[in-house]
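Structural features, examined
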Amino acid sequence: MIKLTIGNVETLFKTRCLRFLENTSTQTIKCEPLQIPDDLKPHVDVVSLVYKSAHNLRKRFSWSPKYHGLAGRELRKEKSKEIRDFDCDTYSSPKCLRSLYNIPPAPSPPHVSSLGIYETAWTAWLPDDLDQFFERFQPGLKGQRPILQAIDGGYTQTDYKISPFNLESDLDFEYAMALTNATVVNLQVGDKYLLGDLNDMLAAFDVYYCGALDPSIDPIFPDDQPGGYNKSTDCGTLSPPKVVSISYAWPEVDFPPEYLQRQCLEFLKLGLMGVTVIAASGDTGTQSGTAPGTCIDKGTKQDSNYTTGMFSPQWPSGCPWVTSVGGTQFPIKPGNNSASTTNVSTPRTNEIAFNMELRSGGKLSSGGGFSNTMPMPNYQKEAVEAYLSREQEHISSLVRSGYLGDTNGPPNMRGFPDLSIIASSYLTVVDGELKSIHGTSASAVVFASMVAMVNEDRRRARKPPVGFINPILYANPEIFNDVTTGHNFGCGADPAFRAVKGWDAVTGLGSPDYIALHKMLTELP
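Residues numbered from 1 in each chain as written. Predicted model: local features only at pLDDT ≥ 70, side-chain atom pairs only at ≥ 80, totals over all residues. Heavy atoms only, no water.

1. So, unusual backbone geometry
Of the consecutive residues Phe221 and Pro222, the connecting peptide bond is found in the cis state with omega at 15°. With respect to the element layout, Pro222 can be found in the loop between helix H5 (198–205) and strand S7 (243–246). Following Trp315, the chain continues to Pro316 via a peptide bond in cis, the omega torsion being 10°. Mapped onto the secondary structure, Pro316 falls in the loop between strand S10 (314–315) and strand S11 (323–329). (Helix = DSSP H or I, 4+ residues; strand = E, 2+ residues; numbered from the N terminus.)

2. Looking at the side chain of Ser420
Within the secondary structure layout, Ser420 lies in strand S17 (residues 419–422). Of note is the side chain of Ser420, whose polar atom sits 3.0 Å from the backbone oxygen of Thr507. Setting aside residues up to four positions removed in sequence, Ser420 forms contacts with Val325, Gly326, Gly327, Thr328, Val483, Thr507, Gly510, Ser511 and Pro512. (Polar contact = N/O pair within 3.5 Å; in protein donor to acceptor, adjacent residues only side chain to side chain. Contact = heavy atoms within 4.5 Å.)

3. Structural notes on the packing of aromatic side chains
As enumerated under the stated definition, the model contains 20 aromatic pairs in all. On the numbers, 4.8 Å between centres and 45° between planes, the contact of Phe133 with Phe137 is tilted. Here the residue Phe133 and the residue Phe137 both occupy positions in helix H3 (residues 127–137), the gap between them amounting to 4 residues, near one helical turn. The pair Phe133 / Phe137 is uniform in exposure class, with both members buried. In this structure an aromatic cluster arises from ring pairing among Phe311, Phe370, Tyr387, Tyr403, Phe497 and Trp503. One Lys or Arg, Lys298, reaches over the ring of Tyr403 and ends 5.2 Å from the middle of that ring. Above the face of the Phe489 ring, Lys363 is positioned so that its terminal group lies 4.3 Å from the ring centre. (Phe/Tyr/Trp six-rings, centres within 6.5 Å; stacked < 30°, edge-to-face > 60°. Buried < 20%, exposed > 50% of the residue type's maximum accessible area, 1.4 Å probe, protein only. Lys NZ or Arg CZ within 6 Å of the ring centre and 35° of its normal.)

4. Quick word on the nonpolar core
Core analysis: the largest hydrophobic core is formed by 84 residues, its most contacted members being Phe447 and Phe497. Considering each element in turn, this core owes the most residues, 11 residues, to helix H9 (residues 440–460). In this structure, Tyr118, Trp250, Val275 and Cys319 belong to the second largest nonpolar core, which totals 33 residues. (Core = buried A, V, L, I, M, F, W, Y, C linked by side-chain atoms within 4.5 Å.)

5. A look at the state of the cysteines
Scanning all chains against the criterion turns up 3 disulfides. Disulfide partner of Cys264: Cys319, at an S-S distance of 2.1 Å. Looking along the S-S bond of the Cys264-Cys319 disulfide, the torsion reads about 90°, which is the right-handed sense. Note that Cys264 is positioned in helix H6 (residues 257–272) and Cys319 in the loop between S10 and S11, a separation of 55 residues in sequence. Its relative accessible area of 3% is what places Cys264 among the buried residues. Here Cys295 is linked by a disulfide to Cys491, with a sulfur-sulfur distance of 2.1 Å. Taking the torsion about the S-S bond as the criterion, the Cys295 to Cys491 disulfide, at about -105°, is left-handed. Of this pair, Cys295 sits in the loop between strand S9 (276–280) and S10 while Cys491 sits in the loop between strand S20 (480–481) and strand S21 (511–512), and the two are 196 residues apart along the sequence. Like Cys295, the residue Cys491 is buried in the burial classification. (Disulfide = S-S within 2.5 Å.)

6. Observations regarding empty space enclosed by the protein
Tallied over the full model, the rule gives 1 cavity of 30 Å³ or more. Space inside the largest cavity adds up to approximately 90 Å³. Contributing to the lining of the largest cavity are 10 residues, with Asp197, Leu198, Phe255, Tyr259 and Gln263 lying nearest its centre. Element by element, the count of residues in the lining of the largest cavity is highest for H6, at 3 residues. (1 Å grid on protein atoms, 1.4 Å probe; cavity = no way out; pocket = protein on both sides within 12 Å on 5 of 7 lines; lining within 4 Å. Points joined across faces, edges and corners; volume = space filled by probe spheres on them.)

This is the structure we're talking about:
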């Protein structure tokens with residue numbers, strides 16, 4: 001199953017699709033006959049589009065990978081002559097990120113420490129895109145490529161150059177390779193029919209985890225379809241990279257609690273093995289999935305309402321053994337579009353919470369909130385309770401309005417994100433064109449690159465990789481640029497959670513200063 005936007009379907013199959021409004025909350029999408037490209041006709045038996053109401057999508061459908069924020073991003077072509085890449089006021093680039101967060105230039109060539117980036121089948125970076133990006137922003141990297149580690153087939157395709165296939169991978173690997181001195185690894189999961197998921201990746205890292213795979217949720221191999229992965233599911237076949245970055249987010253409510261709890265424990269095991277797992281918090285505020293995001297129906301407690309209802313937390317950010325990264329941006333200048341209403345910002349870095357109105361009419365904001373499944377871990381209890389105390393009146397109003405569930409008191413569950421990084425206007429070469437992209441998937445990759453650089457310096461000092469880092473982050477909030485302005489939104493609440501002094505459910509502890517982060521982590525045993 002491949003997820004495409006309406007525009008991609010119209011372009012790829014030379015057709016026209018229309019939306020029909022059935023009632024106030026239900027839409028049906030119908031397309032005219034599809035034209036199959038000539039070179040694909042010998043390989044295609046049937047193409048079936050799901051003409052289902054978005055209000056009544058089957059739960060199983062939502063288990064397919066959801067391209068984190070992709071549908072809602074403002075993918076805008078930029079003219080090179082108009083671009084200033086030396087600061088982050090208008091665009092984000094490797095040079096401005098180094099300046100903003102005090103990240104040193106990455107020495108070349110890559111070193112022993114590793115940074116793995118999770119991708120699913122069909123998504124692929126394009127060699128020409130990498131080289132065009134490097135030629136402009138990091139010339140010494142031109143010609144270099146990530147190392148591909150295929151899991152359960154690790155299918156990539158580069159014949160069809162459209163953003164659903166190339167955008168996320170191009171963004172992830174262009175910035176990871178430009179910012180870090182670690183070896184960057186492409187963890188490609190699934191074959192051309194079964195896209196693979198997080199559990200498939202975890203099983204490849206741990207032979208004992210294969211028994212946790214759920215056939216009703218997880219792709220199971222061998223796949224006997226022509227060209228499918230005809231071997232058994234990869235179990236314990238790979239050693240995990242010392243940093244794993246996940247640019248995708250799924251609605252927590254779509255999975256059974258016991259499934260999430262088992263997967264979360266596996267992330268804990270990785271942490272204890274010296275692996276740092278980092279995940280993007282999402283781009284739809286307190287809603288989940290792809291833009292415009294979905295909410296939990298207050299009556300059925302199911303993820304079935306597109307605009308209003310209970311807050312729907314993202315996964316895997318809701319797992320306390322994952323480091324969740326939210327988003328920030330710069331204050332809005334006159335003429336720019338944004339949902340932010342103030343120019344008061346963090347003193348040193350000038351950041352406010354990520355919250356944007358797109359030219360297309362959509363809205364994005366930093367994913368954040370509280371898990372409905374995972375209890376609050378001890379390491380963040382003091383910081384979160386201070387936030388709930390500062391925001392007591394506002395949080396109480398959200399509880400009374402039903403956004404935070406049935407509890408009569410404040411949330412006592414895992415809060416996320418843990419920290420945040422710029423999520424706006426990343427200059428990225430996609431399908432041969434320089435474009436600007438928003439989203440916390442970029443934020444996660446930037447922070448993962450920082451941790452990978454720290455690991456390399458620890459390796460040189462004959463120290464182990466840092467592994468699970470959340471407790472020490474919360475114990476040292478002074479290393480962060482505290483973001484105290486802005487908010488996220490979702491499910492009818494605007495503002496939903498607000499950025500305040502200290503930890504908050506929009507920007508976490510704030511944005512990291514690399515020099516302070518490096519000093520703290522390299523001094524650990």
